[in-house]
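Single-letter residue listing:
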Amino acid sequence: MIETLELRLEAAPGLLSAAWIPLSGTAGKPEAGSNNRGTSAELRLSLEVPVWPAARREEILQQIAHHPNELFALLEGRLTGGCAKLDPDLFPPEDVLMQGIVSQAENVDATKVLELIRKQLAQKPLLAFTLKGLSKGDLLEGVFAQWAEEEQGAARDEAAAPLSAGSLAAELTRLERKGPAISTGEWLAEAVAEGSLHQPGPLFHEIEARPFPASHPVAAPAEDWGALLPKTPKAQEGVALIMNRVAEAAARKAQSILKPK
Amino acid sequence: MTKHLYSIWLGDVLFCFSGETSEPKVDAWTRVIKRLELLGGVRPFAGATLRLAEVKYPIAPAADKPARRTFPGRTMEGLALLPKDAFELLLAYDEQLCLKQGVEPGGELRYWAAAARFALELMGTGGIVPGALPPRTVGPRRRGGEQAAVACWSPVFRSPEERDYFLQLAASMPVLALGTHTAEAGDLSSREEAGAYVLYSFLQAVMTTEIKKVVAGIEGELAPYKANYRRGYSPLTELWWNSLLTGSRDVPVQGTPAEVTELLASVNETAGSEVPRSKVEEVRSGQLGLGLRLEPPQGEEETWRLTFWAESKEEGEFWLSAGSIWSSKEREFTLWGKVYRNIQQQLLTALGRAAKLSPDIGRALAVPAPEGVDLAPEHLYNFLKESVQLLTSKGITVQMPSRWSREGRRRIGMKMKMQPPAGTTDGPAPVALGMEELISFRMEASLGDVSISAEELNALVEAGVPFVRFRGEWIEVDPKEIRQVLKYMKRHESGEMTAADWMRLEAEDGEDRLWKGMSVTGMETSGLLASLMRGDVLRNLPSRSVPEDLQGTLRPYQERGYQWLAALSGLGFGVCLADDMGLGKTVQVITCLLDRSLNAPPEELRRPVLILCPTSLLGNWQRELQRFAPSLHVHIHHGGRRVRGESFMELAESHDIVLTTYHLAGRDSEDLAGVQWSTVVLDEAQYIKNHRTKQAQSVMKLSAPHRIAMTGTPVENRLGELWSIFHFLNPGYLGTYHSFRQRYVSGEGGERLRELHRLVSPFLLRRLKSDPDISKDLPEKLELKSYCPLTETQASLYQGVVDEMLGVIGESSGMARRGLVLSSLTKLKQICNHPQLFRKEEGRTQRNEQSGKMEVMFEVLDSIAELGESALIFTQYVAMGELLVSRLARRYGVTPLFLHGGIPKRERDEMVHDYQEGKGPAFFVLSLKAGGVGLNLTRANHVIHYDRWWNPAVENQATDRAFRIGQDRNVQVHKLICQGTLEERIDELIERKKSLSEQVVGSGETWLTEMSNHELKELIELQGQDWM
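This is a predicted model, so every value here is computed, not measured. (Residues numbered from 1 in each chain as written. Chains lettered and ligands numbered in written order. Predicted model: local features only at pLDDT ≥ 70, side-chain atom pairs only at ≥ 80, totals over all residues.)

(A) Representation of the overall build of chain B in the model. When helices and strands are counted, chain B shows 42 helices and 37 strands. Classification of the 1028 residues of chain B by burial places 42% in the buried group. The contacts of chain B with a sequence gap of at least 6 include a subset with a gap of at least 24, amounting to 72%. (Helix = DSSP H or I, 4+ residues; strand = E, 2+ residues; numbered from the N terminus. Buried ≥ 20, exposed ≤ 12 C-beta atoms within 10 Å, placed from the backbone. Contact = placed C-beta atoms within 7 Å.)

Here's what the structure looks like:
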């Protein structure tokens, strides 16, 4: 007899995959055709189960949409309220499961397996929903889309309620423009605590020493000043002239700094 | 004691400070830093101005206060370097040199030095581009709605390598530099971004000032490139362009707001340069939490509402309503560089968790898209008592109405209403209202600013919860506060306090205004005190006419000043006249004293007035008193032969005015304290700023019902001085020195300083030469004569020469006589200038001799230096010029330029050029006949004639060099005259015959040599020296 069993369930709409590893090595019989060496091997099951028709799924979504607390409970792995009442509809019929188990795995205590499956599904109701065709993603998306519809419909109908209406997008744009109210005080407090308030960042030591470029040709101005000053034809030339003179003055200054050293 | 040197870029200046807050320490630091010499002998701080700035800088926390998490700005006093001086500093910066001079620089100086070198590099490689900026709003907006833009030069990074360097440098910026308004004006999403903004601002400022210098040097060359701008026809860009190509002066780019906006946009678009940003990093994901808001019922309703919000858990706070989250079709959003995913799920999960703690929230989750839940009053109570604590302990914020509504929490406190003194409800204003006068007032309980009765208060207490319905609205209150007020009200309905206390309380005006532990929610002041605080006290008092005995005419603003002085000090308040130098504080005070001598009640008249001043100004006061109020009898208490003891008291009481110095206030404090004065006047009151000196303490001990302080310094910014002066004027008004410092100096600036301003402004009158009201009454050329005393040595030398000359003059004639007269007169002038001049001639020198005139000159120059202004000093003698140069260098740490006939033209031109550029020294010594015409020295707005030429025309020409068209500041001409000597008499002569001066005085000194012996004797005799 299979004493201990670890069961791993995976759910897709209409398809329950079960994999398990028999832990008491000798008792499990390997699948046909596989090696017989006393090592435990994985057993797999693929069970087809019925899904809810679209209308039913819609109905259930509606119901959950009206009970956010139940949705939250579901996310935590609990069945409450209306969801709890879905049992047994929520779970795949036992005879179907049994049939599937028996046909795919021989010499296995089907009852035990069934029980394990049922237990796990009860513990993870979201798996059950997925099997029925409503994955977690479907649930969430369905509920939220519904809420969005309702909210927007309500906003259209009545004059916008004071605080909660107003689109998210508009609010985000406003916030983005306003900028985060970060207190620079936080940065300062951190630096004071570290003792680094006056110190340049770590990169500084590498970049501090930078020699003045020797005889660097001064680029011509890349901007179009002529366009800005149409009545002053020599504008561009003027900028270039200034740039050159400034460069000369800067070079002279750089020289005079280097000298005393 | 090592002095730290810290720097922070404030957007327009590099603010250097010590990290100290105690005023004596700051003073000591300032003296050392001003003399700091760096590479190449550069003394970058010599001309720096003292400035107060709000800096986010940690001060060691007091033992009883917990360390702060946020950093308020602190007011620090330090030296502000303009971009050009900052550039010089940073290029000449050397850490070792600083350490050798006892200065320990902060790590940020190396950083800024590297930034400065980078600026130089950019300039050297063409990394510059023209730009335009809106001007910093300094004063009030110009009339007519016109605005001005400023032409500037911005850095541009023409290679990726340069760009990367900029970003690396920005990322390495020390955090200290980020705590400024400049940083906060930019993008604060990360330290790197903030650093980039600050660094860019620095580079822009430094480069603009340097490039402007270069442009000034090639202005001629640039003339053909200028635009043909015609006001009213040409676009503003052309004016901007011309401004860019002008370096020798500022050309404001003025236009209508629309034009200016367009200019800024088009220029900056063409330039295409902006602060570089690092590539967007991998976007981080953000978390949302639950926020709850408690909203009181509207109108007649009873039901409260608890609304749901998504609160950000990241740096940078925001709240989004649950409704907006549910109604969005998006499942995620990005804000401030973070991506928030599965937003609906996050909110739902947070709500679900909260529902476990609060059944009310649980109720809300029974409907789709839950946005909130109603709370009936009984539920509200439970929610407040049970749920709030649990929720907040799990990190869910619960906002009470006071947090988010404009109303805030209403404070229960007292409203105070001043009662007029008994029996004078309708009568004329009270005659006296000193600081210690008791004011009675009625008190009422109030909620915010609405009065509330005791019964209503009781009802509030009984509710037991912080929210109550009151007169139709829901408000949040503190039951403890209510109980406290009820208790107090039971026993008191009215109270009394001194006028000083009342004014202090009124000035506070903040959340924390407390009296006897209770919040003071409103104060109603009436009568004289109210107009005093408003500043229009003159309106409510009968106006006084200027005393007829006054020998002279007051300018309109002087008359107003006199009235103010007389009115307030007549009421018994100590007052401070703080007008700018040159506006005539002395004459205003003299008028007030004269008025009092004529109109005061008889008991007061018997008591003399005491005037204290620095030694160098004694002569000046004597002159002025004599000139304007000759009817007042003045006794001068000074000199080795001054009267002491009983005789002093008799002398004092038999004169109207006793004039003495601060120095003697310290030495002869017993004598002075023994007299009952009617008024004490302190001239240059900042001399008592250090309240611990013997002088200051003696002054504080003087008793007098009327007190006047005079000072030309901007005393509002020098807090230590302010306290001392007000402690003298109205003792106790600003509290003890210790409490004053705690409250206003080491505190958080801003609000506190405004409070201080409210406290002192009723008693402080300060006008500036630049006030439009004042400047229209001022002549363009303000002539100020300063009378200088001779030192004992000078007096005896002088007398010696006089005796010698008069002894032999009778026996000489013709050429010999001429020679004797001229040489004697020259010797006398030299002695007046400085004994060293005379001794050098004679072949003997003694070091460290004083000259009365030089001391007075230093007083004048100190004020000029403090204002950051510039002066030309003229003298006839090259030797005097040299002496001036050496003494000035010693005192101010910078060697002034010296121009005299022996300087070759090229060097002269360079000097003038350097001076005009504002390079180096603020003082320029010139020989009176140096150069010739064509010197442009418009930078100076002060001219000092150290000694006088015989011919005023030559003097005026010297003045005119500074006073020229194109200069928009008034010029002050200071003439230094030694009292009792020939200088004084020649001055009188010139004044008397001003219009004929050219004929009488002639060019040169011939008119002197043609005087008779008798006339000469009268001219040169040493007079009026008995008190010296």
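(B) Examining the overall build of chain A more closely. If you tally the helices and strands in chain A, you get 12 helices and 3 strands. Counting across all 261 residues of chain A, residues that qualify as buried make up 27%. At a minimum sequence separation of 6, the contacts of chain A that also span at least 24 residues come to 52%.

(C) Quick peek at the sheet that holds strand β6 (residues 128–133) of chain B. Residues and elements named next belong to chain B. Read from one edge of the open sheet, 3 strands run β6-β7-β8, paired in antiparallel fashion. Of all strands in the sheet, those bounded by a partner on one side alone are β6 and β8 (253–255). Neighbouring strand axes in the sheet, compared pairwise and without regard to direction, differ in orientation by 30° on average. Inspection of the sheet shows β6 paired to strand β7 (residues 147–155) by 6 bridges, in the antiparallel sense. Looking at β7, one finds that I128 is bridged to P155. (Pairing = 2+ DSSP bridges. Axes fitted to C-alpha atoms, helices over the stretch in contact; angles between N-to-C directions.)

(D) Quick look at the interface of chain A and chain B. Opposite the 81 residues of chain A that make contact, chain B presents 92 residues. Listed by contribution, the elements that provide at least two residues to the side of chain A that touches chain B are α2 (68–75), α7 (136–157), α8 (168–178), α9 (184–194), α10 (204–207), α11 (225–228) and α12 (235–258) of chain A. A per-element tally of the side of chain A that touches chain B places α12 of chain A first, with 16 residues. When its residues are assigned to classes, the side of chain A that touches chain B shows 49 nonpolar, 19 polar and 13 charged. (Nonpolar A, V, L, I, M, F, W, Y, C, P; charged D, E, K, R; others polar.)

(E) View of the sheet that holds strand β25 (residues 575–577) of chain B. All names here are of chain B. Read from one edge of the open sheet, 7 strands run β27-β28-β26-β29-β30-β25-β31, paired in parallel fashion. Single-partner strands in this sheet number two, and they are β27 (634–636) and β31 (764–765). Lying over the sheet, helix α23 (residues 618–628) contacts β26 (609–613), β27 and β28 (657–661), oriented at roughly 160° with respect to β28. Those strands touched by helix α28 (residues 719–729) are β25, β29 (679–682) and β30 (706–710), and its axis lies near 160° from that of β30.

(F) Region of interest: the packing of helix α2 (residues 83–91) of chain B against helix α4 (residues 108–124) of chain B. Residue and element names in this part refer to chain B. Where α2 contacts α4, the axes come no closer than 8 Å and their chain directions differ by 105°. The pairing of α2 with α4 is recorded here as roughly perpendicular in orientation. Contacts between α2 and α4 involve F87, L90 and L91 from the former and W112, A113 and A116 from the latter. When grouped by side-chain class, the residues that make up the contact of α2 with α4 number 6 nonpolar, no polar and no charged. (Parallel < 35°, antiparallel > 145°, perpendicular 65-115°, else oblique.)

(G) How the structure looks around the confidence of the model for chain A. Residue and element names in this part refer to chain A. Here chain A averages 79 in pLDDT, while 81% of its residues score no lower than 70. Of all helices and strands in chain A, the one with the weakest mean pLDDT is α9 (76), whereas α2 scores best (92). Every residue in residues 25–40 is under pLDDT 50, and counting partners more than four places away or in other chains gives 18 contacts. The low-confidence segment residues 161–165, where pLDDT is below 50, has 11 contacts with residues more than four positions distant or belonging to other chains. (pLDDT = per-residue confidence, 0-100.)

(H) Local environment of the packing of α4 of chain B against helix α7 (residues 191–217) of chain B. Residue and element names in this part refer to chain B. In contact at an axis separation of 10 Å, α4 and α7 are set at 55° when each is read in the N-to-C sense. As summarised for this structure, α4 and α7 are arranged oblique, according to the angle between their axes. Taken as a pair, α4 and α7 cross one another with a handedness that is right-handed. Where α4 approaches α7, its residues A115, A116, A119, L122 and M123 are matched on the opposing element by L199, F202, L203, V206, M207, E210 and I211. Partitioning the contact of α4 with α7 into residue classes produces 11 nonpolar, no polar and 1 charged. (Left-handed = near helix turned anticlockwise from the far one by under 90°.)

(I) Region of the structure containing helix α5 (residues 160–171) of chain B. With 12 residues, α5 of chain B extends 16 Å between its outermost C-alpha atoms, agreeing within 8% with the 16 Å of an ideal straight helix rising 1.5 Å per residue. If you follow the buried residues of α5 of chain B, they end up packed against α10 of chain A together with α4 and α7 of chain B. (Expected span 1.5 Å × (residues − 1).)

(J) Quick look at the pairing of strand β33 (residues 871–875) of chain B. Residue and element names in this part refer to chain B. In terms of burial, β33 is a largely internal element, 5 of the 5 residues being buried. Of the two faces of β33, the one lined by A871, I873 and T875 and the one lined by L872 and F874 are each fully buried. Judged from the 5 bridges that link them, β33 and strand β35 (residues 923–927) form a sheet pairing that is parallel. Bridge pairing in β35 places F874 opposite L926.

(K) Expanded view of the nonpolar core. In terms of nonpolar packing, the biggest core is built from 159 residues, with A115 and W240 of chain B touching the most fellow members. For A115 of chain B, the residues in contact, after removing those within four places along its chain, are L169, L199, F202 and L203 of chain B. (Core = buried A, V, L, I, M, F, W, Y, C linked by C-beta atoms within 7 Å.)

(L) Structural view of the confidence of the model for chain B. All names here are of chain B. On average, chain B scores 82 in pLDDT, and the residues at 70 or more come to 86%. Note on residues 62–69: pLDDT under 50 across the span, and 3 contacts to partners over four residues away in sequence or across chains. Under a pLDDT of 50 for its full length, residues 424–431 has, in the predicted model, 8 contacts with residues more than four places off or in other chains. Across the predicted assembly, pTM comes out at 0.53 and ipTM at 0.71.

(M) Looking closely at the environment of E23 of chain B. All names here are of chain B. With respect to the helices and strands, the residue E23 is situated in helix α1 (residues 23–34). Looking at E23, the number of C-beta atoms within 10 Å reads 18, which means it is partly exposed. Spatially, the C-alpha atom of E23 lies 8.8 Å from that of R718, the residues being 695 residues apart in sequence.

(N) α9 of chain A, seen in detail. Turning to α9 of chain A, its buried residues number three or more, namely W187, L188, A189 and A191 of chain A. The elements touched by buried residues of α9 of chain A are α7 of chain B.

(O) Seen up close, unusual backbone geometry. All names here are of chain B. Although it is not a glycine, N342 sits at a positive phi angle of roughly 50°. Relative to the helices and strands, N342 is located in the loop between β14 (338–340) and α12 (343–357). Assessed through the 15 C-beta atoms surrounding it within 10 Å, N342 is described here as partly exposed. Positioned with a positive phi, A369 is a non-glycine residue whose angle comes to about 45°. Inspection of the secondary structure puts A369 in the loop between α13 (359–364) and β15 (372–375). For A369, a count of 23 C-beta atoms within 10 Å puts it in the buried group.

(P) Examining the environment of Q62 of chain A more closely. All names here are of chain A. Looking at the element boundaries, Q62 is found in helix α1 (residues 54–65). Using a count of 13 C-beta atoms within 10 Å as the deciding quantity, one classes Q62 as partly exposed. Distance from Q62 to G142, taken between C-alpha atoms, is 8.5 Å for residues 80 residues apart in sequence.

(Q) Structural context of the pairing of strand β36 (residues 942–945) of chain B. Residues and elements named next belong to chain B. Side chains H942 and I944 project from β36 onto one buried face, and the interleaved V943 and H945 project onto a second face that is buried too. Two strands pair when backbone bridges link them, and β33 and β36 are joined in this way by 4 bridges, in the parallel orientation. Bridge pairing links A871 to H942 in β36. Relative to strand β37 (residues 971–978), β36 runs parallel, the two being bridged by 4 bridges. Looking across to β37, one finds that H945 is bridged to K975.

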